[in-house]
Amino acid sequence: MKKILAPFLIAAFALPALAQMTPAGLWRSIDDNTGEAKAEISIKDNGKGGLNGVVERSLVKSTGELNCTLCADDRKDKPKVGLEIIRGAVKVASEDAWEGGTIIDPENGKVYKLRLAPLDGGKKLQVRGYIGPFYRNQVWLRVQ
């Protein structure tokens, strides 16, 4: 009986770990300059085989513009909280990474190509925005 149950028990404990190796979930972004938590971003399946991410809440007292006034696309003048900042990231077949989408920086309105890669068993997420050979990495922390 124990030999029969062992594979099921191992699978039951492994599933939560495997489920975390995805960018889907709630993440806390960290400010590049201060190292402090800046916002919470919810990343979800968009129903088209990709992932989209929305700013759920700001974690800093705003001293600037509350809307994305520098955005040049359909997000122009939309509130930063509730703004869809990640669009269309899709799973790379050969690795635990998602690419092909874009990310917008609501502070400057710039849109970057995107790469997402879970780290540390899915507890962290490397977020890379890039234009050509130039890129910037951030590491976000999983909230749930």
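**Q** Can you walk me through the packing of aromatic side chains in this structure?
**A** Going through the model one piece at a time under the given rule, you end up with zero aromatic pairs. Geometry around Trp98 places Lys91 over its ring, the cationic atom sitting 5.2 Å from the centre. Of note, Arg128 hangs over the ring of Tyr135, and the distance from its end group to the ring centre comes to 4.0 Å.

**Q** What should I look at first to understand the sheet that holds strand 1 (residues 25–30) in this one?
**A** For sheets, the rule is that strands pair by backbone hydrogen bonds, running either parallel or antiparallel. Here we have eight strands rolled up into a closed barrel, ordered 1-2-3-4-5-6-7-8, and antiparallel in their pairing. Strand-to-strand twist in this sheet, taken as the mean axis angle between neighbours without regard to direction, amounts to 35°.

**Q** Explain the state of the cysteines to me, please; I cannot follow it from the model alone.
**A** Here, disulfide denotes a covalent bond that connects the sulfur atoms of two cysteines. Tallied over the full model, the rule gives one disulfide. For Cys68, the disulfide goes to Cys71, at an S-S distance of 1.7 Å. One disulfide, between Cys68 and Cys71, carries an S-S torsion of 65° and so falls in the right-handed class. One exposure class covers both Cys68 and Cys71, and it is buried.

**Q** Quick question: what am I supposed to make of the nonpolar core here?
**A** Proteins that are soluble and globular tend to have nonpolar side chains buried together. Membership of the largest hydrophobic core comes to 21 residues, with the highest contact counts inside it found for Ile43, Ile85 and Trp140. Listed by contribution, the elements that provide at least two residues to this core are strand 2 (37–45), strand 3 (51–58), strand 4 (84–91), strand 5 (98–104), strand 6 (111–119) and strand 7 (124–131).

**Q** I tried to follow unusual backbone geometry on my own but got confused; where do I start?
**A** Peptide bonds are mostly trans, and most non-glycine residues show a negative phi. Of note in the backbone geometry, Asp77 takes a positive phi value of approximately 65° without being a glycine. Its place among the elements puts Asp77 in the loop between strand 3 and strand 4. Its identity is not glycine, yet Asp120 carries a phi of approximately 50°, on the positive side.

**Q** I'm lost on a nonpolar patch on the surface in this one. Help?
**A** A surface patch of nonpolar side chains, amounting to about 200 Å² of accessible area, comprises Leu119, Val139 and Leu141. By the element assignment, Leu119 lies in strand 6. By relative accessible area, Leu119 is classed as partly exposed at 31%.

**Q** Help me out: how do you make sense of the environment of Ala72 in this one?
**A** For Ala72, the location among the structural elements is in the loop between strand 3 and strand 4. Judged by its relative accessible area of 74%, Ala72 falls in the exposed class.

**Q** What's the story with the confidence of the model for the chain in this structure? I'm lost.
**A** Detailed reading of predicted coordinates is not advised where the pLDDT is low. Taken over all residues, the pLDDT of the chain has a mean of 87, while the share at 70 or more is 86%. Note that residues 5–19 has pLDDT below 50 and, in this model, zero contacts with residues that lie over four places away or in other chains.

**Q** I keep staring at the pattern of salt bridges and nothing clicks. Help me out?
**A** Two side chains with opposite charge may pair up if their charged atoms get near one another. In the structure shown here, the tally under the stated rule is 12 salt bridges. Between Glu99 and Arg115 there is a salt bridge whose closest N-O contact spans 2.4 Å. Pair noted here: Glu99 is in strand 5 and Arg115 is in strand 6, with a separation of 16 residues, a long-range link. Look at Arg115 and you get buried, because its relative accessible area is 17%. Connected through salt bridges with shared partners, the residues Arg28, Glu40 and Arg57 form a single ionic network.

Calculation criteria
Residues numbered from 1 in each chain as written. Predicted model: local features only at pLDDT ≥ 70, side-chain atom pairs only at ≥ 80, totals over all residues. Heavy atoms only, no water. Phe/Tyr/Trp six-rings, centres within 6.5 Å; stacked < 30°, edge-to-face > 60°. Lys NZ or Arg CZ within 6 Å of the ring centre and 35° of its normal. Pairing = 2+ DSSP bridges. Helix = DSSP H or I, 4+ residues; strand = E, 2+ residues; numbered from the N terminus. Axes fitted to C-alpha atoms, helices over the stretch in contact; angles between N-to-C directions. Disulfide = S-S within 2.5 Å. Buried < 20%, exposed > 50% of the residue type's maximum accessible area, 1.4 Å probe, protein only. Core = buried A, V, L, I, M, F, W, Y, C linked by side-chain atoms within 4.5 Å. Patch = residues over 30% accessible without salt bridge, like charges linked within 9 Å, V, L, I, M, F, W, Y side chains within 5 Å. Areas by Shrake-Rupley, 256 points an atom, 1.4 Å probe, with all protein chains shown as cover. Salt bridge = Lys/Arg side-chain N within 4 Å of Asp/Glu carboxyl O. pLDDT = per-residue confidence, 0-100. Contact = heavy atoms within 4.5 Å.

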